[in-house]
2 protein chains.
Amino acid sequence: MEIPKQIEEALSKGLIAAIAQEADSNEVLMMAWMNQEALRKTIETRRATYFSRSRNEIWIKGETSGNVQEVLEIKFDCDGDAVLLRIKQTGSACHTGQKSCFHNEL
Amino acid sequence: MEIPKQIEEALSKGLIAAIAQEADSNEVLMMAWMNQEALRKTIETRRATYFSRSRNEIWIKGETSGNVQEVLEIKFDCDGDAVLLRIKQTGSACHTGQKSCFHNEL
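All values reported here derive from a predicted model rather than from experimental measurement.

S.K.: How would you explain the overall build of chain A if you had to name every residue and give the values?
M.R.: Of the regular secondary structure elements, chain A holds two helices and seven strands. Ordered by position in the sequence, the α and β elements of chain A form the string α-β-β-α-β-β-β-β-β. In terms of overall dimensions, chain A is globule-like: its C-alpha atoms have a radius of gyration of 13 Å, near the 13 Å expected for 106 residues. Along the three orthogonal principal directions, the C-alpha set of chain A runs to about 35 × 30 × 25 Å. Counting over 106 residues, chain A shows a buried share of 53%. Counted over contacts in chain A with a minimum sequence separation of 6, partners at least 24 positions apart contribute 46%. Here chain A has roughly 5100 Å² of accessible surface; of this, 43% comes from carbon and sulfur atoms.

Pasting the structure below:
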């Protein structure tokens, strides 16, 4: 699959932001990063796959925990530096056991 | 207002991602970037304020277009590199006139 040129351009400058939104509820569950490989794997496998900046490697969400994300739809924004994954979440998205990583309020 | 230490730590390494979600509909309207100043201004003014990577400056969303974002709630994730703004959008979020910047599908 061809990656749109806005995204290719953004990826040439660095990582892009990937927002995982539960398709049923529209709740935003997490934000993680993607390089080109992570995006390609996500498109091909329909399993959300990200790039870890701290470990400097690709990771499949839920590979060890079982809390996988089935990707139903992928949208991207005008300047191509963010993708919105519309997903079906198994279990919780957050490693704390909370449903969403955005459970802290400022 | 004190900025939580996870966010301070993330900001010391670079920009953080700011996701604007319409509070009423839960629709994700856009993603932009923040540095510490943008986050502080957003907290203080309750007007979504971002940092432009291309222009290398702070910008108040809607300052010229009138399409401002009133920030009702700010959530942040575990590792502090993303904030979720729960907003009330005036007009459209996207410069194309579409409601959301995520109007393209991959």
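S.K.: Now, about the side chain of Glu22 of chain A: what can you tell me, with residues and values included?
M.R.: With respect to the helices and strands, Glu22 of chain A occurs in strand S1 (residues 16-22). Excluding residues that lie within four positions of it along the chain, Glu22 of chain A makes contacts with Glu27, Leu29, Arg86, Ile87, Gln89 and Lys99 of chain A.

S.K.: Got a sec to walk through the packing of helix H1 (residues 5-13) of chain A against helix H2 (residues 36-45) of chain A? Specific residues and values, please.
M.R.: Residues and elements named next belong to chain A. Two elements in contact, H1 and H2, have axes separated by 10 Å at closest approach and are oriented at 140°. For the pair H1 and H2, contact is made by Ile7, Glu8 and Leu11 and by Gln36, Leu39 and Arg40, respectively. Partitioned by chemical class, the residues of the contact of H1 with H2 number three nonpolar, one polar and two charged.

S.K.: Explain the relation of the copies chain B and chain A to me, and be specific about the residues and the numbers.
M.R.: When chain B is fitted to chain A, the residual RMSD is 0.0 Å, and the transformation amounts to a turn of 180° plus an axial shift of 0.0 Å. When the rotation and shift are considered jointly, the pair of chain copies conforms to a two-fold rotation axis. Every residue of chain B has its C-alpha some distance from the rotation axis, and the shortest such distance is that of Asn26 of chain B, at 2.8 Å.

S.K.: Explain the pattern of salt bridges to me, using residue names and the numbers behind them.
M.R.: Residue and element names in this part refer to chain A. Scanning the entire structure with this criterion turns up 14 salt bridges over all chains. Residues Arg86 and Glu73 are paired through a salt bridge, measuring 3.6 Å at the closest nitrogen-oxygen approach. Of this pair, Arg86 sits in strand S6 (residues 82-89) while Glu73 sits in strand S5 (residues 69-76), placing them 13 residues apart in sequence. For Arg86, a relative accessible area of 16% corresponds to the buried category.

S.K.: With reference to specific residues and values, describe the interface of chain B and chain A.
M.R.: Taken together, the contact between chain B and chain A spans 32 residues of the former and 32 residues of the latter. Contact between chain B and chain A buries roughly 2900 Å² in total, counting both sides, with carbon and sulfur atoms accounting for 68%. Counting the surface chain B buries against chain A, the share from its top three residues, Cys78, Phe102 and Leu106 of chain B, is 26%. There are two salt bridges connecting chain B and chain A. One salt bridge connects Asp81 of chain B with Arg53 of chain A, and the closest N-O pair in it is separated by 3.1 Å. Joining chain B to chain A, the criterion identifies 10 residue pairs in polar contact (both at pLDDT 80 or more). Examining the composition of the side of chain B that touches chain A, we find that four residues originate from one element, strand S5 (residues 69-76) of chain B, more than from any other. Partitioning the side of chain B that touches chain A into residue classes produces 20 nonpolar, six polar and six charged.

The rules behind each value
Residues numbered from 1 in each chain as written. Chains lettered and ligands numbered in written order. Predicted model: local features only at pLDDT ≥ 70, side-chain atom pairs only at ≥ 80, totals over all residues. Heavy atoms only, no water. Helix = DSSP H or I, 4+ residues; strand = E, 2+ residues; numbered from the N terminus. Rg over C-alpha atoms; globule rule 2.2 N^0.38 Å. Buried < 20%, exposed > 50% of the residue type's maximum accessible area, 1.4 Å probe, protein only. Contact = heavy atoms within 4.5 Å. Areas by Shrake-Rupley, 256 points an atom, 1.4 Å probe, with all protein chains shown as cover. Axes fitted to C-alpha atoms, helices over the stretch in contact; angles between N-to-C directions. Nonpolar A, V, L, I, M, F, W, Y, C, P; charged D, E, K, R; others polar. Least-squares fit on C-alpha atoms with pLDDT ≥ 70 in both. Salt bridge = Lys/Arg side-chain N within 4 Å of Asp/Glu carboxyl O. Buried area = accessible area lost by both parts, 1.4 Å probe. Polar contact = N/O pair within 3.5 Å; in protein donor to acceptor, adjacent residues only side chain to side chain.

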